[in-house]
Amino acid sequence: KKVADRYLKQEVLGQGTYGVVFKATDTKTGKTVAIKKIRLGKQREGVNITALREIKMLKELKDPHIILLIDAFPHKENLHLVFEFMETDLEAVIRDSNIFLSPADIKSYLLMTFKGLSYCHEKWVLHRDMKPNNLLIGVDGQLKLADFGLARIFGSPNRKFTHQVFARWYRAPELLFGAKEYGAAVDVWAAGCIFAELLLRRPFLQGNSDIDQLSKIFAAFGTPKADQWPDVTDLPDYVEYQFVPAPSLRSLFPAVSDDALDLLSKMFTYDPKARISVKQALEHRYFTSAPAPTDPAKLPKPV
Ligand code: ADP
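The rules behind these values
Residues numbered from 1 in each chain as written. Predicted model: local features only at pLDDT ≥ 70, side-chain atom pairs only at ≥ 80, totals over all residues. Heavy atoms only, no water. Helix = DSSP H or I, 4+ residues; strand = E, 2+ residues; numbered from the N terminus. Rg over C-alpha atoms; globule rule 2.2 N^0.38 Å. Buried < 20%, exposed > 50% of the residue type's maximum accessible area, 1.4 Å probe, protein only. Areas by Shrake-Rupley, 256 points an atom, 1.4 Å probe, with all protein chains shown as cover. Salt bridge = Lys/Arg side-chain N within 4 Å of Asp/Glu carboxyl O. Axes fitted to C-alpha atoms, helices over the stretch in contact; angles between N-to-C directions. Parallel < 35°, antiparallel > 145°, perpendicular 65-115°, else oblique. Contact = heavy atoms within 4.5 Å. Nonpolar A, V, L, I, M, F, W, Y, C, P; charged D, E, K, R; others polar. Pairing = 2+ DSSP bridges. Expected span 1.5 Å × (residues − 1). Phe/Tyr/Trp six-rings, centres within 6.5 Å; stacked < 30°, edge-to-face > 60°.

**Q** I would appreciate a short explanation of the overall build of the protein in the present structure.
**A** Check the secondary structure of the protein and you find 10 helices and nine strands. For the protein, whose C-alpha radius of gyration is 20 Å, the value lies close to the compact-globule estimate of 19 Å for 303 residues. With the principal axes as the frame, the protein shows a C-alpha extent of 60 × 45 × 30 Å. Burial analysis of the protein (303 residues in total) assigns 51% to the buried set. Element-wise, carbon and sulfur atoms account for 54% of the exposed surface of the protein, whose accessible area totals about 15,100 Å².

Right under this line is the structure:
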């Protein structure tokens, strides 16, 4: 039984933020695809108008490091988004204790992440929900960003689902303080958390509530001083936190190179206006100094 007269449905791949994802064969191309079913429910009318316009824009995002949105169509109360199928994701790589990640491997993953982000940021599209399980990995080792722009179309991840809690660990401090206007810097913060997670092989800042997340951030980098982040007091949910001094970043990442540590510190700059941009990060000496990033085809992957 075909969906939309084109896709042969196979097994369920998992439950995502917006609905179930299943594997299918695209009978038009013979390729394997992943179809994300998004429940439209009560929002249906409103979502249809804005979502379809935004989805049209997402279909135009074409880059080797962005998951290709092949097709989008409504079907029985659900919106179906058809993506290219990917073997695994960065979370599976990080969690696999049989995998050793060398500094060159980490650099390769980070480089691909930045390339994907750079393409979208140049087009003024933000991801807003960067986390290791949104960084998908293909058979050829290529890393591609998934779920680009969905957070904006379908609302920020709903807290009633437990699996969405993890996104908090990657949330920038300006979002935790309730910023309504924010920019590409939120994706840079999240990428910094992913960089740290690749180095540590465990999530770096694991808050169990939004307040606790800020405490974890402050414990790692110290409470922001007025000159470090002058506008913080204007944010809607700003509250003063008890002063915590900043430990040295080196003490948190004892084994990493000076270049890696310098890039990391620039990604974790408090003031979003002063935080390094993706374009600047790609020009950072971390990416030009030895070791060279591993060829994606040679990256280790889960068996
Ligand atoms: P979340 O919203 O929690 O990030 P997703 O909706 O992205 O989750 O994905 C749910 C499940 O579907 C995950 O287990 C993921 O591995 C799988 N999945 C999502 N997109 C793809 C894809 N393009 N190829 C293969 N599997 C995918």
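**Q** Quick question: what am I supposed to make of the pattern of salt bridges here?
**A** For the structure on display, the rule yields 17 salt bridges. With a shortest N-O distance of 3.6 Å, Glu91 and Arg95 are connected by a salt bridge. Highlighted residues: Glu91 and Arg95, both in helix α2 (residues 90–95), separated by four residues, approximately one helical turn. What makes Glu91 partly exposed here is its relative accessible area of 28%. Judged by its relative accessible area of 38%, Arg95 is partly exposed. The shortest N-O distance in the salt bridge between Glu197 and Arg95 comes to 3.0 Å. With a gap of 102 residues between them, Glu197 in helix α6 (residues 185–200) and Arg95 in helix α2 connect regions that are remote in the sequence. What makes Glu197 buried here is its relative accessible area of 0%. Salt bridges here are not isolated pairs; linked through shared partners, they connect Asp259, Asp262, Lys266 and Arg285.

**Q** What is the right way to look at the packing of helix α3 (residues 103–122) against α6 in this model?
**A** Axes are the key here: two packed helices are described by the angle between their axes and the distance separating the axes. The geometry of α3 relative to α6 is characterised by a closest axis approach of 10 Å and an angle of 170° between their N-to-C directions. Relative to α6, the element α3 lies roughly antiparallel. On α6, the residues touching Ile106, Tyr109, Leu110, Phe114, Leu117 and His121 of α3 are Asp187, Ala191, Phe195, Leu198 and Leu199. A per-class count over the contact of α3 with α6 returns nine nonpolar, one polar and one charged.

**Q** Please clarify how unusual backbone geometry should be interpreted in this entry.
**A** Most peptide bonds take the trans configuration, and most residues that are not glycine carry a negative phi. Look at the link from Ala290 to Pro291: it is a cis peptide, with omega at 0°. By secondary structure assignment, the location of Pro291 is in the segment after α10 (278–282). Positive phi outside glycine occurs at Ala4, with the angle close to 55°. Mapped onto the secondary structure, Ala4 falls in the loop between β1 (2–3) and β2 (7–15). Taking relative accessible area as the criterion, Ala4 reaches 40% and is therefore assigned partly exposed. With a phi close to 65°, Arg201 is a non-glycine residue in the positive phi region. Within the secondary structure layout, Arg201 lies in the loop between α6 and α7 (210–221). Classification of Arg201 by relative accessible area gives partly exposed; the value is 25%.

**Q** Mind showing me how you'd approach the sheet that holds strand β7 (residues 88–89) here?
**A** Whether parallel or antiparallel, the strands of a sheet pair through hydrogen bonds between backbone atoms. Taken together, three strands build an open sheet; the order of strands is β7-β8-β9 and the sheet is antiparallel. For this open sheet the edge positions go to β7 and β9 (143–145), each flanked by a neighbour on one side alone. The strands touched by α3 within the sheet are β8 (135–137) and β9, with β9 carrying the most contacts at an inclination of about 35°.

**Q** Which parts of the structure should I look at to understand α6?
**A** Residue pairs three or four apart in sequence face the same way in an α-helix, which turns once every 3.6 residues. The terminal C-alpha atoms of α6, which comprises 16 residues, lie 23 Å apart, in line with the 22 Å expected from a rise of 1.5 Å per residue. Counting buried positions over the 16 residues of α6 gives 14, a clear majority of the element.

**Q** Looking at this structure, I do not really get the pairing of strand β5 (residues 69–75). What am I missing?
**A** Put simply, side chains in a regular strand alternate between the two faces of the sheet. Of the strand pairs in this sheet, β5 and strand β6 (residues 78–84) are connected by six bridges, and their pairing is antiparallel. Residue pairing for β6: His75 is matched across the bridge by Asn78.

**Q** What is the right way to read α3 from this model?
**A** Between its first and last C-alpha, α3 extends 28 Å over 20 residues, near the 28 Å set by a 1.5 Å rise per residue. Across the 20 residues that make up α3, a large majority, 17, are buried. Downstream of α3 by one or two residues, Trp124 has phi in the positive range, about 60°.

**Q** It is not clear to me how the packing of aromatic side chains should be interpreted in this structure. Could you clarify?
**A** Aromatic ring pairs are defined here through the distance separating the ring centres and the angle between the ring planes. Taken as a whole and judged by the stated rule, the model has 19 aromatic pairs. Centre to centre, the rings of Phe177 and Tyr241 are 6.3 Å apart; their planes meet at 70°, and the pair counts as edge-to-face. Of this pair, Phe177 sits in the loop between α5 (173–176) and α6 while Tyr241 sits in the loop between α7 and α8 (249–252); the two residues are 64 residues apart in sequence, bridging distant segments of the chain. Its relative accessible area of 1% is what places Phe177 among the buried residues.

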